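# Architecture at a glance
This is what each chain is made of:
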Amino acid sequence: MIRIEQIFRLTPPKKKILVLFLLVLPFMVGNYWSQILGDIGIYIILGIGLNVVVGFAGLLDLGYVAFFAIGAYGYALLASPQFGIHIPFWLMLPVCIAFGAGFGAFLGTPVLRMRGDYLAIVTLGFGQIMRITLNNLDPLTNGPRGLLRIDPPKIGDWIIDTPIEWYYLIMAGIFFAIFVANRLNDSRIGRAWIAMREDQDTAEIMGINVLKYKLMAFSIGASFAGLGGAIFASRQGSIFPDNFSLMVSINVLCLIIIGGLGSIPGIILGSIILIGLPEALRGVQQYRMLLFGGLLVIMMIFRPTGFIPSARKKIEFKK
Amino acid sequence: MEYLLNPEILTAQIINGLTIGGIYALIALGYTLVYGILFMINFAHGEIFMFGSFGGFAVLTLLSNNGFSTTHPTLSILCAFAAAILISSALGAILERVAYRPLRDAPRLSPLISAIGVSIFLQNAMMLFTRGRMQVYPDIIPENFIEIGWLSISCFQISIILGCLLLMTGLYIFIYKTKTGKAMRAVAENREAASLMGIDVNRIITITFIIGSALAAAAGVMVGIYYTQINHMMGFIPGIKAFTAAVLGGIGNVPGAMLGGFFLGLAEALGVLVMPAQYKDLIAFGLLILVLIIRPKGIMGEVVSERV
């Protein structure tokens, strides 16, 4: 049996310092920046999930926000005064993950037969449909008035509601997501995805059931968004259809591409750049989207692999 | 549901549908032309449409401020179209050169991201320029109605439908009857073989972007005159819907995009008769998903074959 001391002894010192740094970080920066770190964290979870779809399997999904919305609304409907149902947060987490995965499979079944570009547009359309439906399905979602007073997570009598407490919870979520994504990437499934991404026909000839693995990537990617959505809803306390606009999908896509497609350190860096930097640069806020748009173009031309490319991509681009 | 059988409402909605459908078709042609040649979704096409609309707006405002438009209303509107077409075509050509040409042989994700970047850039540039305010097209020609028995049709709608048809006929003749059009079709068929036959591929691609952008600009001015209010976000929804129209008709297929545009416009206009108006946008996306599942090649089928 592995004991805590053993894990501690086996961890390289660099990682020890990193973990220690992450643990004390919120106390160093205070409430305001912990809140922003939490925002960044939610985007990291979304980025890791979308990376499974785009980075690992090579499927372009522009409607990722739909699954985020499913997770958030799923949690909010079952843990708020809206219907008087109050299922605890910890029980809802797996349920929301399942909601995400289920919806991913549901949407994926008809659309994954399509070619890449069509997939992008259909998912984009689906994201829009989701927002319009949430906006108009008054009896269920309260429409544009949103869902309010959503339950925060509780451990016994202790309610998690300060930015610093949330920071730790989101951090745990990120570690869980990274663990799952890494495991998937190194597994047989992950290799099948890469084979499929590189050459679908060859992969099929090698005996990979392309449709099945595409569906798996889509559905697993969506489940991360379900997790992110549940965390988002309970942290915000109230959600509105406008929280789930196309810009969320685009932001998540851009952060994984700027950071480096397929690489988790890249996603973290991308989230910090995309979500954190604008907060730091509030003074030039009006120019930030302008700069951001230009940056995307420049990035694609001069550094298409992103700031921290995945090890595998680095080799591929050297060819 | 009795109003469904009311010929007055039905005709009015059909004309509304044809008007907006013509506009969708003009924008859709830009998507389909570029896709036919480069196999890329020009995500920034909606913004080119928006810039065209603002170009027309600037000229019309200028002309109405110095009184020229009251003496020569038709000429002013033609000037607005010319200016819009000039601005959008230049913009389309520049975008192709700066943001898409360096990525022509990159993985297919790269040009799409680049296009998303361009789209965000242009939207925000216009937002900074107009300070995010809604702009109102000056009233130059009063909206007249033609009465035929119980039927009353707006002149604007008729002119838009006729204008769209005229532009489409022009495009059709250009593509199928001229030498440059033939070269465009050749490049769409096989870029390398076309270049071996002595066709300047870069020139043809630039021309394609210019034509697509010019059509979008014309649509932009029409939208400005018809709906009067424009803002920096106006390109987004029509852009997506026009793309939907292009896919509905079979992307890469020029007559298909025209048909898809009118079809989508009619479907939306008649759809709001049977379902609540706030679900109007669902019709376009719902149709898109439905068509792609049932007939992925679109109504008319793709002209271009899939690249392996």
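Scroll up to find the structure this text is about.
### Points about the layout of surface pockets
Residue and element names in this part refer to chain A. Computed from the structure, the second largest pocket encloses a volume of approximately 1100 Å³. Around the second largest pocket sit 35 residues that line it, and Leu-18, Leu-22, Met-171, Phe-175 and Ile-268 are the ones nearest its centre. Elements with a contribution of two residues or more to the lining of the second largest pocket: α1 (4-10), α2 (13-56), α7 (163-185) and α12 (264-280). Residue contributions to the lining of the second largest pocket peak at 14 residues, all from α2. Of the residues that constitute the lining of the second largest pocket, the class distribution is 27 nonpolar, five polar and three charged.

### As for the environment of Ile160(B)
Residue and element names in this part refer to chain B. With respect to the helices and strands, the residue Ile-160 is situated in helix α6 (residues 155-177). Considered as a pair, Ile-160 and Ile-23 are 137 residues apart in the sequence and their alpha carbons are 8.0 Å apart. If we ignore the near neighbours within four places in the chain, the residues touching Ile-160 are Thr-19, Ile-23, Met-222 and Tyr-226.

### Here we look at the interface of chain A and chain B
Taken residue by residue, the interface counts 36 residues in chain A and 42 residues in chain B. With both chains or domains summed, chain A and chain B bury close to 3400 Å², and 81% of this area falls on carbon and sulfur atoms. Where chain A packs against chain B, one counts zero salt bridges. In this structure, the connection of chain A to chain B is made through zero residue pairs in polar contact (both at pLDDT 80 or more). Split into classes, the residues belonging to the side of chain A that touches chain B amount to 26 nonpolar, seven polar and three charged.

### Description of the pairing of strand β3 (residues 151-154) of chain B
Residues and elements named next belong to chain B. Sheet topology note: the strand β2 (residues 145-148)/β3 ladder contains four bridges and is antiparallel. For Ile-146, the partnering residue across the bridge sits in β3 and is Ile-153. In this antiparallel pair of consecutive strands, β2 and β3, the connection spans two residues, and Gly-149 shows a positive phi of 60°.

### Quick word on the packing of aromatic side chains
Centre distance and the angle of the planes are the two values used to describe a pair of aromatic rings. All names here are of chain A. Per the stated rule, a full pass over the model turns up 22 aromatic pairs over all chains. When the centroid spacing of 6.5 Å and the interplanar angle of 35° are considered together, the rings of Phe-67 and Phe-126 count as tilted. Linking Phe-67 in helix α3 (residues 65-78) with Phe-126 in helix α5 (residues 116-136), this pair joins segments that are 59 residues apart in sequence. Ring geometry for Phe-232 against Phe-244: centres 6.0 Å apart, planes inclined by 75°, an arrangement best described as edge-to-face. Placement of Phe-232 in helix α10 (residues 210-236) and of Phe-244 in the loop between α10 and α11 (246-259) is noted, with a sequence separation of 12 residues between them. Each member of the pair, Phe-232 as well as Phe-244, carries the same accessibility label: buried. One aromatic cluster is present, built from ring pairs that chain together Tyr-64, Phe-67, Phe-103, Phe-106, Phe-126 and Phe-218.

### A short note on the packing of α6(B) against helix α11 (residues 254-274) of chain B
Two quantities define a packed helix pair, namely the angle between the axes and the distance from one axis to the other. Residue and element names in this part refer to chain B. Relative orientation of the contacting elements α6 and α11 amounts to 165°, with a least axis distance of 10 Å. With respect to α11, the element α6 is oriented roughly antiparallel. By crossing handedness, the relation of α6 to α11 is classed as left-handed. Here α6 contributes Leu-165, Met-168, Leu-171, Tyr-172, Ile-175 and Tyr-176 to the contact with α11, which in turn contributes Val-254, Pro-255, Met-258 and Phe-262. Residues of the contact of α6 with α11, tallied by class, amount to 10 nonpolar, no polar and no charged.

### Observations regarding α11(A)
Residues and elements named next belong to chain A. Its 14 residues give α11 an end-to-end C-alpha distance of 20 Å, which sits within 8% of 20 Å, the value for a rise of 1.5 Å per residue. Most of α11 sits inside the fold, with 13 of its 14 residues counted as buried. Directly after α11, the chain includes Gly-260, whose backbone phi takes a positive value near 135°.

### A few points about a positive patch on the surface
Residue and element names in this part refer to chain B. Taken together, the side chains of Lys-177, Lys-179, Lys-182 and Arg-185 present a region of like positive charge at the surface. With three residues, the top contributor of residues to the positive patch is helix α7 (residues 179-189). Checked against the element boundaries, Arg-185 lands in helix α7. For Arg-185, a relative accessible area of 31% translates into the label partly exposed.

### Re the pattern of salt bridges
Residue and element names in this part refer to chain B. With the rule as written, the count across this model stands at eight salt bridges over all chains. Note that Glu-96 is salt-bridged to Arg-104, the shortest N-O span being 2.7 Å. For the pair shown, Glu-96 and Arg-104 are each scored as buried. Between Asp-281 and Lys-241 there is a salt bridge, with the nearest N and O atoms lying 2.7 Å from each other. Within this pair, whereas Asp-281 is found in helix α12 (residues 280-294), its partner Lys-241 is found in helix α10 (residues 236-249), the two being separated by 40 residues in sequence. A single network of salt bridges, built from pairs that share partners, joins Glu-96, Arg-101 and Arg-104.

### Brief notes about the nonpolar core
General note: in soluble globular proteins, nonpolar side chains tend to be found buried as a group. Ranked by size, the top nonpolar core spans 202 residues in total, and within it Ile239(A) and Phe244(A) carry the most contacts. Here this core takes 16 residues from helix α9 (residues 201-227) of chain B, the largest share from any one element.

### A closer look at empty space enclosed by the protein
Residue and element names in this part refer to chain B. Counted according to the given criterion, the structure contains two cavities of 30 Å³ or more. Reported here for the largest cavity is a volume of approximately 120 Å³. Around the largest cavity, the lining is made up of 13 residues, and of these Tyr-31, Phe-43, Phe-236, Gly-239 and Ile-240 lie nearest the centre. If you list the elements that add at least two residues to the lining of the largest cavity, you get α2 (45-65), α5 (109-130) and α10. Considering every element that reaches the lining of the largest cavity, the biggest residue donor is α10, with four residues. Looking at side-chain class alone, the lining of the largest cavity contains seven nonpolar, five polar and one charged residues.

### Points about unusual backbone geometry
Residues and elements named next belong to chain B. Backbone geometry places Arg-131, a non-glycine residue, at a positive phi of 55°. By the secondary structure assignment, Arg-131 is in the loop between α5 and β1 (135-136). Here the phi dihedral of Thr-228 falls at roughly 60°; this positive angle occurs in a residue that is not glycine. Note on placement: Thr-228 falls in the loop between α9 and β4 (229-230). Looking at Thr-228, the relative accessible area reads 29%, which means it is partly exposed.

Criteria and cut-off values
- Residues numbered from 1 in each chain as written.
- Chains lettered and ligands numbered in written order.
- Predicted model: local features only at pLDDT ≥ 70, side-chain atom pairs only at ≥ 80, totals over all residues.
- Heavy atoms only, no water.
- 1 Å grid on protein atoms, 1.4 Å probe; cavity = no way out; pocket = protein on both sides within 12 Å on 5 of 7 lines; lining within 4 Å.
- Points joined across faces, edges and corners; volume = space filled by probe spheres on them.
- Helix = DSSP H or I, 4+ residues; strand = E, 2+ residues; numbered from the N terminus.
- Nonpolar A, V, L, I, M, F, W, Y, C, P; charged D, E, K, R; others polar.
- Contact = heavy atoms within 4.5 Å.
- Buried area = accessible area lost by both parts, 1.4 Å probe.
- Salt bridge = Lys/Arg side-chain N within 4 Å of Asp/Glu carboxyl O.
- Polar contact = N/O pair within 3.5 Å; in protein donor to acceptor, adjacent residues only side chain to side chain.
- Pairing = 2+ DSSP bridges.
- Phe/Tyr/Trp six-rings, centres within 6.5 Å; stacked < 30°, edge-to-face > 60°.
- Buried < 20%, exposed > 50% of the residue type's maximum accessible area, 1.4 Å probe, protein only.
- Axes fitted to C-alpha atoms, helices over the stretch in contact; angles between N-to-C directions.
- Parallel < 35°, antiparallel > 145°, perpendicular 65-115°, else oblique.
- Left-handed = near helix turned anticlockwise from the far one by under 90°.
- Expected span 1.5 Å × (residues − 1).
- Patch = residues over 30% accessible without salt bridge, like charges linked within 9 Å, V, L, I, M, F, W, Y side chains within 5 Å.
- Areas by Shrake-Rupley, 256 points an atom, 1.4 Å probe, with all protein chains shown as cover.
- Lys, Arg positive; Asp, Glu negative; His and termini not counted.
- Charge placed at Lys NZ, Arg CZ, Asp CG, Glu CD.
- Core = buried A, V, L, I, M, F, W, Y, C linked by side-chain atoms within 4.5 Å.

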